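Below, each chain spelled out in residue letters.
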Amino acid sequence: MNGRAPAIITGTQYLFVVSMTAISATIFLVSVRLSLLTVRILECITELLFAQAAAFSVVLILIVAMAMWVIRLLFEALYPNLKWQRGI
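All figures in this text were calculated on a predicted structure; none of them were measured in a lab. (Residues numbered from 1 in each chain as written. Predicted model: local features only at pLDDT ≥ 70, side-chain atom pairs only at ≥ 80, totals over all residues. Heavy atoms only, no water.)

## Section: the overall build of the protein chain
The cut-off we apply is this: Secondary structure counts use DSSP, requiring at least four H or I residues in a row for a helix and at least two E residues in a row for a strand, with both numbered from the N terminus. Working definition: with a 1.4 Å probe on protein chains only, accessible area under 20% of the residue-type maximum means buried, over 50% means exposed, and in between means partly exposed. What makes two residues a contact is simply this: any of their non-hydrogen atoms within 4.5 Å. For every accessible area listed, the method is Shrake-Rupley and the probe measures 1.4 Å; residues are considered covered only by the protein chains on display.
On a plain count of helices and strands, the protein chain comes out with three helices and zero strands. For the protein chain, the sequential pattern of α-helices and β-strands runs α-α-α. Of all 88 residues assigned to the protein chain, the portion counted as buried reaches 20%. Pairs at least 24 residues apart make up 47% of the contacts formed inside the protein chain by residues separated by at least 6 positions. In the structure as shown, the protein chain presents an accessible area of about 6,500 Å², 71% of it carried by carbon and sulfur atoms.

Listed below in structure tokens is the structure:
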């Protein structure tokens, strides 16, 4: 597992980021009671509310960054003896 851990972490983070951006493709499948963040960003852009769209985008970026950080901490806790590369 020593050589594969950085690849597994990077792959997990990549899949999370892709899934967060792929949610935008489900815009037309959203129910009336549920409002996804990516859908709200698109609505703000189409309504020319660029400040709100930018604010929602920052929130989305922070959610993704926090999730990536949690994934990294989880793998560091599970495999403490591995040498971790900085910059992942």
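Back to the text.
## Side note on a nonpolar patch on the surface
Put simply, the rule is: Like-charged residues are merged into a patch within 9 Å and nonpolar side chains (Val, Leu, Ile, Met, Phe, Trp, Tyr) within 5 Å, provided each residue has over 30% relative accessible area and no salt bridge. Here, a salt bridge means any side-chain nitrogen of Lys or Arg that lies within 4 Å of a carboxyl oxygen of Asp or Glu.
Together, Tyr14, Leu15 and Val18 line one region of the surface with nonpolar side chains, adding up to about 330 Å² of accessible area. Within the element layout of this structure, Val18 appears in helix α1 (residues 5–22). Overall, the relative accessible area of 34% leaves Val18 in the partly exposed class.

## Brief notes about the side chain of Arg72
What counts, and what does not: What qualifies as a polar contact is a pair of N or O atoms within 3.5 Å, subject to a donor-acceptor requirement within protein and to the restriction that residues adjacent in sequence count only when both atoms come from side chains.
Relative to the elements of secondary structure, Arg72 occurs in helix α3 (residues 50–78). Among the polar contacts made by the side chain of Arg72, one reaches the side chain of Glu76 at a distance of 2.8 Å.

## Overview of helix α2 (residues 37–46)
Within the sequence span of α2, burial applies to Thr38, Val39, Ile41 and Cys44. Immediately downstream of α2, the backbone of Leu48 shows phi near 60°, a positive value.

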